[in-house]
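Remarks on the overall topology
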Amino acid sequence: QVQLVESGGGLVQAGVSLRLSCAASGRTFSTTGWFRQPPGKEREFLAAVDWSGGRTSYADSVKGRFTISRDNGKYTVYLRMSSLRPEDTAVYYCAVAAASSLPRTPDEYTVWGQGTQVTVSS
């Protein structure tokens, strides 16, 4: 059973950049995705990457500001977030899916990390 551990969250000011990490142990899956859940809102897809070819997919809301990447040797996926805004405040989760189609719905992801809090102050 794969386990995921997110890190890199924290309290930052608007406009800065932050990089989140998602370290996987155990077997790998086809797709790793990043999601976030603001207080009182549903979980939102942000980005996904496949392990084999490195294809990526982004939500329109973060395209151009967020970048997903992977380090196969370290079994780690990163999410670099730039020009952070107060509305980016949320708990950020990584998750893995067996499908290689870079799914965007949470239901298609089978294993989740515990989440890391990102708070952006104005």
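In case you missed it, the structure is sitting above this.
Throughout, residues of each chain are indexed from 1 in the direction in which the sequence is written. In view of the model being predicted, local features appear only for residues whose pLDDT reaches at least 70, and side-chain atom pairs are presented and counted only at 80 or more, with totals across whole chains, interfaces and linings using the full set of residues. Processing note: side-chain calculations cover all non-hydrogen atoms of the structure and skip hydrogens and water entirely.

Counting rule for disulfides: a pair of cysteine sulfur atoms within 2.5 Å. One pass over the structure, following the stated rule, counts one disulfide. Each sulfur in the disulfide pair Cys22 and Cys94 lies 2.1 Å from the other. Note on the Cys22 and Cys94 pair: the S-S dihedral is about 70 degrees, so by sign convention the disulfide is right-handed. Here the residue Cys22 occupies a position in strand 3 (residues 18-25), and Cys94 occupies one in strand 9 (residues 90-97), the gap between them amounting to 72 residues. Across the pair, exposure class does not vary: Cys22 and Cys94 are buried alike. Working definition: helices are DSSP H or I runs of at least four residues, strands are E runs of at least two. Numbering for both runs from the N terminus. Burial classes follow relative accessibility: with a 1.4 Å probe on protein chains only, a residue under 20% of its type's maximum area counts as buried, one over 50% as exposed, and anything between as partly exposed.

What follows concerns the sheet that holds strand 8 (residues 76-81). Each strand in a sheet pairs with its neighbour through backbone hydrogen bonds, running either in the same direction (parallel) or in the opposite one (antiparallel). Pairing between strands requires that DSSP locate at least two bridges from one strand to the other. Taking strand neighbours across the sheet as the criterion, the four strands line up as 1-3-8-7 in an open arrangement whose pairing is antiparallel. Two strands bound the open sheet, and with one partner strand each, they are strand 1 (3-7) and strand 7 (66-71). Across the sheet, the mean angle from the axis of one strand to that of its neighbour is 15 degrees, orientation sign disregarded. With axes taken as lines fitted to C-alpha atoms, and helix axes fitted only over the stretch in contact, angles between N-to-C directions fall between 0 and 180 degrees.

What follows deals with the environment of Val49. Counting through the fold element by element, Val49 comes out in strand 5 (residues 44-50). With a relative accessible area of 2%, Val49 lands in the buried category. For the pair Val49 and Thr32, spaced 17 residues apart in the sequence, the C-alpha separation amounts to 5.5 Å. The contact rule is simple, with two residues in contact once any of their heavy atoms fall within 4.5 Å. Among all residues touching Val49, those that are not within four sequence positions of it are Ser30, Thr31, Thr32, Gly54, Arg55, Thr56, Ile68, Arg70, Val77 and Leu102.

Between the rings of Phe, Tyr and Trp (Trp by its six-membered ring), a pair exists once the centres lie within 6.5 Å; its type follows the angle of the planes, with under 30 degrees stacked, over 60 edge-to-face, and the other angles tilted. Following the criterion strictly, the structure yields five aromatic pairs and no others. Judged by centre distance (5.0 Å) and plane angle (80 degrees), the ring pair of Phe35 and Tyr109 falls under edge-to-face. Here the residue Phe35 occupies a position in strand 4 (residues 31-37), and Tyr109 occupies one in the loop between strand 9 and strand 10 (111-112), the gap between them amounting to 74 residues. With respect to class, Phe35 is no different from Tyr109; both count as buried. Between Phe35 and Trp112 the ring centres are 5.0 Å apart and the planes differ by 55 degrees, which places this aromatic pair in the tilted class. In this pair, Phe35 sits in strand 4 while Trp112 sits in strand 10, placing the two residues 77 residues apart along the sequence. Put simply, the rings of Phe35, Phe45, Tyr93, Tyr109 and Trp112 pair up and form one aromatic cluster. Positioned above the aromatic ring of Tyr78, the side-chain terminus of Arg19 is 4.2 Å from the ring centre. Our definition puts a charge over a ring when NZ of Lys or CZ of Arg is within 6 Å of the ring centre and also within 35 degrees of the ring normal. Looking at Arg43, its charged tip hangs above the ring of Tyr93, at a distance of 3.9 Å from the centre.

A few words now on the pairing of strand 1. Consecutive side chains of a regular strand alternate in pointing toward one face of the sheet and then the other. Burial along strand 1 is one-sided: the residues Leu4 and Glu6 are buried and none of Gln3, Val5 and Ser7 is. Of the pairings in the sheet, the one linking strand 1 to strand 3 comprises five bridges and is antiparallel in character. Paired with Gln3 across the strands is Ser25, a residue of strand 3.

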